[in-house]
Amino acid sequence: DRFVANSSFVARRIASYYRRDAEVIHPPVDVDRFSIRADVEDYYLFAGELRGYKGAALAIEACNRLNRKLYIVGGGAHADLQRLAGPNIRFLGRLSDADYDLTLSRCRALLFPGVEDFGIIPVEVMAAGRPVIARAKGGAMDSVVHGETGLHYTDPSVDGLIGAITAFEAEEAAFTPENCVRQARKFGRDVFRDKFSKVLAER
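Residues numbered from 1 in each chain as written. Predicted model: local features only at pLDDT ≥ 70, side-chain atom pairs only at ≥ 80, totals over all residues. Heavy atoms only, no water.

S.K.: Is there a simple way to think about the overall build of the chain in this case?
M.R.: The helix and strand tally for the chain stands at 9 helices and 8 strands. With respect to the three principal axes, the spread of C-alpha positions in the chain is 55 × 35 × 30 Å. With 203 residues in all, the chain has 46% of them scored as buried. Pairs at least 24 apart in sequence give 61% of the contacts found in the chain among residues at least 6 apart. For the chain, the computed accessible surface area is about 10100 Å², with 49% contributed by carbon and sulfur atoms. Considering the chain, the positive charge centre built from 28 side chains and the negative charge centre built from 28 side chains are found 3 Å apart. (Helix = DSSP H or I, 4+ residues; strand = E, 2+ residues; numbered from the N terminus. Buried < 20%, exposed > 50% of the residue type's maximum accessible area, 1.4 Å probe, protein only. Contact = heavy atoms within 4.5 Å. Areas by Shrake-Rupley, 256 points an atom, 1.4 Å probe, with all protein chains shown as cover. Lys, Arg positive; Asp, Glu negative; His and termini not counted. Charge placed at Lys NZ, Arg CZ, Asp CG, Glu CD.)

S.K.: Just checking my understanding: could you explain the nonpolar core for this structure?
M.R.: A general feature of soluble globular proteins is that nonpolar side chains tend to end up buried together. Among the nonpolar cores identified, the biggest contains 27 residues, and Leu45, Leu104, Leu110, Val123, Val125, Met126 and Val132 are the most heavily contacted of them. When contributions to this core are tallied by element, the ones reaching two or more residues are β3 (44-47), β4 (70-73), α4 (97-106), β6 (110-112), α5 (120-127), β7 (132-135) and α8 (177-184). Among the elements that line this core, the one with the most residues is α5, at 5 residues. Leave out the neighbours within four places in its chain, and Leu104 touches Phe34, Leu45, Glu124, Val125, Ala128 and Arg130. Tyr44, Ala62, Ala85 and Ala164 belong to the second-largest nonpolar core, a separate cluster that totals 26 residues. (Core = buried A, V, L, I, M, F, W, Y, C linked by side-chain atoms within 4.5 Å.)

S.K.: Can you help me understand the side chain of Arg108 in this one?
M.R.: For Arg108, the position within the fold is in the loop between α4 and β6. Within polar-contact distance, the side chain of Arg108 engages the side chain of Asp42 at 3.1 Å. For Arg108, the contacting residues outside a window of four places in its chain are Val40, Glu41, Asp42, Tyr43, Tyr44, Arg68, Arg130, Pro131, Phe168, Glu169 and Glu172. (Polar contact = N/O pair within 3.5 Å; in protein donor to acceptor, adjacent residues only side chain to side chain.)

The analysis is restricted to geometry; functional conclusions fall outside its scope.
In structure tokens form, the structure reads like this:
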């Protein structure tokens, strides 16, 4: 048998529990559906199902304290989050594909304070030419290039995220759409198909 993991994060878990090496093949992302837009707006983005471990409350609290606009995309129970949110926070719910793509391409950056095994949304945001502010744990360590397509931060608290947003804003112009798209294309469907086909052929 051979193990294939969807990120380095999961490969380390396999090594810990099974004492086996695992080849990393990242999941396929439809990067070609997104495009760069010149009309970037003044809001940060949180996207995903509104479950506690994804960190929406952290993003809301950080943007409340910094008085930054935050758009939240995704379904799920959010009554508690709405009570936490200030007037600078907008809940957009689930969007159509067209509206989702547009919202990603116009944000200043994605806030990604949760820990995912891989995390499709950071790659989608980069495919739309926008950077990612991600906690330095989980699959985002594979996809987001610190200082080039976004920032990693280590402190999981609200203060840690505030520090990361502040650091991002100090060098925001350094994160070019072209670099973000170039990185996102490393996770395209064609890349997945080639790598997975190679694994199957070798077996």
